[in-house]
Amino acid sequence: MAPAKKPDPKSDLPQGTLDMLILQIVALGPVHGYGIAQRLQQISRDVLQVQQGSLYPALHRLENRDLLAAEWRPSDTGREAKFYKLTAKGRAQLKHETASWARLSEAIQLILRAHEA
Amino acid sequence: MNWWQRLRRREALDRQLDAELRDHLERQVADYVAAGMPDAEARRIARLEFGGLEQVKEHCRDARGLRVFEDLARDLKYAVRTLRANPGFTIVGVLTLAFSIGANAAIFALVNSLLFRTLPVDQPERLVFVTNCTGSPRVVTSLSQERDIFTGVAGWMTTQFSLGAGGETEWVDGLWVTPGYLETTGVNPAAGRTLRDRTGGAPELMISHSLWQSRFGGRLDAIGRTVAIAGEPFTIVGVTPRRFTGTDVGRTFDVIAPLGANRSLAFGEQDGCGSLSVLARLTDGTTLDAAAAAVRDRQVHIRERAGGRFLPRPITLVSAAGGSSDLRARYARPLLTIMAVAGLVLLIGCATMGNLLLARAAGRRHELQVRHALGASRLRIARQLLVESLMLSTLGAAGGLAIAWWGSRLIVRGLGAEDVLATGRAEFGSARIFLDVSFDAHVIAFTIAVTILTAVLFGLAPAIRASRPAPRPLSRHRHQAAPVNGLVVAQVGLSVMLLVAAGLFLRSLATLAGVPLGFEPERMLVVDIATPASSARSERRLPIYERVRDAVDVLPGVTETTLSVSAPMMGWDLLVEVETAPAASRDVGSDSFANLVSPGWFRTLGTRLIEGRAFSTVDSAVAPPVVIVNEAFVRQFFGGAVVDAVGRTVTIRGMEPDEIRRTVVGVVADALWSLRDPVPPGLYVPLAQADEESLELRLEEQGLTLGVRASGETPAALRQDVTAAISRVDPRLMLTYRSPAEHIRASLAQERVIALVSGFFAILALALAAVGLYGVTACAVARQRTEIGVRLALGGAPAEVMRLVLTRVARLVGGGALAGVAASVWLSSFLSALLYGVEPRDAATLGAAVIMVAAVAGLAASIPAYRASRLNLAHCFRFEWLTKD
């Protein structure tokens, strides 16, 4: 990974999808902020560039909306780290957002294919 | 965690945020190091990648959703610190705002009380005044039978009662009312019950809350007690609520008594008495228009039921929700004018504060730039500055409310005293002005609105300008200087105008206070003595008064005593027609005022005898009829020749049934009967020579006045002795004391209030102009820093720099002063009615105002000018270099 060199071309995240991605990652199990950032990059194979500048505010926002719960517990480094996990409300929200995303992308695909045809 | 916990645990949350982000960085660094990067490089790259740590933190705090509260708390703390660090600025700002806001709140409290309040009664919107209606009890009864329109109809009239059965009595404001007055008005008694329809026994009355407190200490046993009105016993049955002062806004009452309760007190024939005011309460759901139409339809019936003699004109109904007020008509316009002036002063105050803040913002540029660089958004900085403004104006408002509380009461007191004069003898007609200027929701809301508006007005422009990410040097905004200068010119002009007005009023007051009275009011005590109404008519009253006089005359501490029909300074009330021989020219008129006095009158009052002799016991009923006239009389009827006056004859008509030719035996100096009016022709006749029957009638109605000259400095100390001496003569006599000296002081109250209010506004405007000039000059100096620095560096003298700065200021002040003088001259005619003995275009006053404004302006501007001349050159250039963009 070459952090100083930005992958090009990179895509901006559509508005509102960062929350969904975070919820999806946290759904896999309790994880800290750094872990979320790493996984976001791994999963998206370096196509999506998520700045820490927007990751942490998003995490805090989700925590405030009770979609995520946070807990300080010892981690592999020996220090305490803040671990996020999904709440019941968060799980429902994730389901809802995934469904609507699927609908949306399907609709967009349809339009694009129709155009091609 | 709810929002309150989040707010309270802010610091813990901040620590956690810090730890979380640090953890992130540590892990990143560890990963890079594991990938083979040197430690220092790994740290650098991790930090770079992460971006601005503080900005991320700010955004995370934003995500908490409580930023508004958190920041407010922080802004407040910061504002307090900033304001405390600049005590000079803070004090000037708070005082400026306190007086501006206070003036507005005070005037608004008056306006509110007089114009906007609804009566403190049950459902005031259903209350109507019945006008165009001959208000007699029979009409009231007839109207009240229209039960589908009115749930109640009542009539009332105001009067003055002398309270007390004998000894020292007190004149109180009273209401005569028809049955059901309080029920119709919608007032529940604060204690006891309302008046019942008369069923024999002692007549009943209700007292006001204030009389209850002052006379009976608010004790419940006051109910059931008997008080005497004009010597007649009445039983107190109830107390009216504290806030209810009748339906006449601006007036109040102490006593409510049922009309016709006592024949000797009722005026005239009951049926024929048409002087009642009538009010009615509409039935639920009836609109004013519907009721008015219905009443007009049935007017013929209503009229017949009332006896047919009344109601010649169509009855009209007027909403009574706000009460009625003769004061409203008299004072509404002046009050609204003053309100407008106060508003103008407030606006100028806002602009001044804005200027001051702008000037200060130049000094805070560095601070704000640093704050911006540290991640504060523009909005955040602007809000911080607005919070500072709001805090200033809130402090100002707190001070302003105190000023308003005190000021509005002062004005009401002044107006009250003025009204006593307007009605002449205090006991005729309702005299007291009473305005409830306590702060109600309206006044508080008004003050809060003014406070916020003020803060936004004066704080917004500086906040926006100062929050620019990179404030450019002010010299780029040279074109924006023009409106600021215009403002200073307007301020100076307004100060000149207000100072001129204040000066004229002050001179007016001084002139009035220095008017020769023609008598010596100090060391004088005046007692109005009335005999009880039920005294036997056959008994002559004059001998009683003479015995009273003899009894008081021998008291230690009393040097002179005298009896008279009219008291000094209370207005003449006996107008007669005179014919002189030889006849005066026809066109001068033949009216003169007259007074009936006992021997010793002129000595007691200290009025100088100019020619001839004073009255003595020689001038008895059987002696030749004599008269003494004043100088004004001589001027009008005898062509001014005082010496010739003695020995002439005067025929007096209108005082007694017969015309009597009287010989002038003396001429006395003009003694004032009212401060503002020129002394009218006046003549004095010995009491002993008055027509017995007319005099007795007058004594029965109005009594006599006893004048007492004391040897000591404090005539009031004699009151107890005098009361005791008079009571020994006849315990039923009712006494009311007055002090001419106090009366003179009180009669200047209106002038004093006007001088005070205008002086207040003048000084406020002057202070605002001074602060404004200071701000503008400081701003200009800041802009011209480099120029001034260069001048100084090239060897320019500091005095030259000061001159440079002050010349500019002098132009502004000169323009403003010129405008102010022109406006004063133009508006002078509005003032002339309120002035006494001074021309509205008085050159000395105009000149003094200009000099005063110029002096204050010079002082205000010379502070920044002096600072400019002492510029530290090194600092000056370094500063300029730093702020170059």
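Asks: Talk me through the interface of chain A and chain B; I want residue IDs and the actual numbers.
Replies: Taken together, the contacts link 17 residues of chain A with 20 residues of chain B. Listing elements by their share of the side of chain A that touches chain B, those giving two or more residues are helix H2 (33-43), helix H3 (52-64) and strand S3 (80-86) of chain A. It is H3 of chain A that provides the largest number of residues to the side of chain A that touches chain B, a total of 7 residues. Here the side of chain A that touches chain B is built from residues that sort into 6 nonpolar, 8 polar and 3 charged.

Asks: With reference to specific residues and values, describe the packing of helix H2 (residues 10-34) of chain B against helix H3 (residues 39-50) of chain B.
Replies: All names here are of chain B. In contact at an axis separation of 9 Å, H2 and H3 are set at 135 degrees when each is read in the N-to-C sense. Comparing the axis directions of H2 and H3 gives the class oblique. At the point where H2 passes H3, the crossing takes the right-handed sense. Facing Leu25, Gln28, Val29, Tyr32 and Val33 of H2, the residues of H3 in contact are Asp39, Ala42, Arg43, Ile45, Ala46, Arg47 and Phe50. In terms of residue class, the contact of H2 with H3 is built from 8 nonpolar, 1 polar and 3 charged.

Asks: Describe the nonpolar core, with residues and values.
Replies: Residue and element names in this part refer to chain B. One finds Val492, Phe761, Ala765, Ala770, Leu773, Val853 and Ala857 to be the most contacted residues of the largest nonpolar core, which totals 114 residues. Broken down by element, this core gets its largest block of residues, 23 residues, from helix H24 (residues 749-783). In this view, Ala765 contacts Val345, Gln491, Leu494, Ser495 and Leu498; residues no more than four positions away in its chain are not counted.

Asks: Talk me through the packing of helix H26 (residues 798-831) of chain B against helix H27 (residues 843-869) of chain B; I want residue IDs and the actual numbers.
Replies: All names here are of chain B. The N-to-C vectors of H26 and H27 enclose an angle of 155 degrees; their axes lie 9 Å apart at closest approach. Relative to H27, the element H26 lies roughly antiparallel. Read as a crossing pair, H26 and H27 show a hand that is right-handed. Each of Pro798, Val801, Met802, Val805, Leu806, Val809, Val813, Ala817, Val821 and Ser824 in H26 lies in contact with H27, whose residues at this interface are Leu846, Val850, Val853, Ala854, Ala857, Ala861, Ser862, Ala865, Tyr866, Ala868 and Ser869. By residue class, the composition of the contact of H26 with H27 is 18 nonpolar, 3 polar and no charged.

Asks: Could you give an account of H2 of chain B, naming the residues involved and the relevant values?
Replies: Helix length check: H2 of chain B (25 residues) gives 36 Å between terminal C-alpha atoms against 36 Å at 1.5 Å per residue, within 8%. Of all the residues in H2 of chain B, the buried ones are Leu13, Glu20, Leu21, His24, Arg27, Gln28, Val29 and Tyr32 of chain B.

Asks: I'd like a description of the sheet that holds S3 of chain A, backed by residues and values.
Replies: All names here are of chain A. Within the open sheet, the 3 strands sit side by side as S1-S3-S2. Their pairing is antiparallel. Every other strand in the sheet has two partners, leaving strand S1 (31-32) and strand S2 (68-74) as the edge strands with one partner each. Sheet strands in contact with helix H1 (residues 17-27) are S1, S2 and S3, and its direction is about 105 degrees off that of S3.

Asks: Before we move on, can you summarise the confidence of the model for chain A with the specific residues and values?
Replies: Taken as a whole, chain A shows an average pLDDT of 80; of its residues, 78% reach a score of 70 or greater. In this model, residues 1-9 of chain A is a region of pLDDT below 50 whose contacts with residues beyond four sequence positions or in other chains number 6 contacts.

Here is what the cut-offs are and how they apply
- Every residue gets a number counted from 1 within its own chain, in the order that chain's sequence is written.
- Numbering of ligands from 1 and lettering of chains from A proceed in the order in which they are written.
- Totals for whole chains, interfaces and linings use all residues, but because this is a predicted model, local features are given only for residues with pLDDT of at least 70 and pairs of side-chain atoms are given and counted only at 80 or more.
- Here contacts are defined at the residue level, using C-beta atoms placed from the backbone and a cut-off of 7 Å between them.
- Here a strand is any run of E in DSSP of at least two residues, a helix any run of H or I of at least four, and the numbering for each starts at the N terminus.
- Each residue is assigned to one of three groups, with Ala, Val, Leu, Ile, Met, Phe, Trp, Tyr, Cys and Pro labelled nonpolar, Asp, Glu, Lys and Arg labelled charged, and all others, Gly among them, labelled polar.
- An axis is simply a line fitted to the C-alpha atoms; with a helix, the fit covers only the stretch in contact. Between two such axes, the angle follows the N-to-C directions and lies from 0 to 180 degrees.
- Here the word oblique covers every angle except those under 35 degrees (roughly parallel), over 145 (roughly antiparallel) and from 65 to 115 (roughly perpendicular).
- By definition, turning the near helix anticlockwise from the far helix through less than a right angle yields a left-handed crossing, and turning it clockwise yields a right-handed one.
- Put simply, a nonpolar core is a cluster of buried Ala, Val, Leu, Ile, Met, Phe, Trp, Tyr and Cys residues tied together by C-beta atoms within 7 Å.
- Residue burial is a threshold on neighbouring C-beta atoms within 10 Å of the residue's own C-beta, all placed from the backbone, with 20 or more meaning buried, 12 or fewer meaning exposed, and counts in between meaning partly exposed.
- For a helix, the expected span equals 1.5 Å multiplied by the number of residues minus one.
- When DSSP finds two or more bridges between two strands, those strands count as paired.
- pLDDT is a residue-level measure of predictor confidence that goes from 0 to 100.

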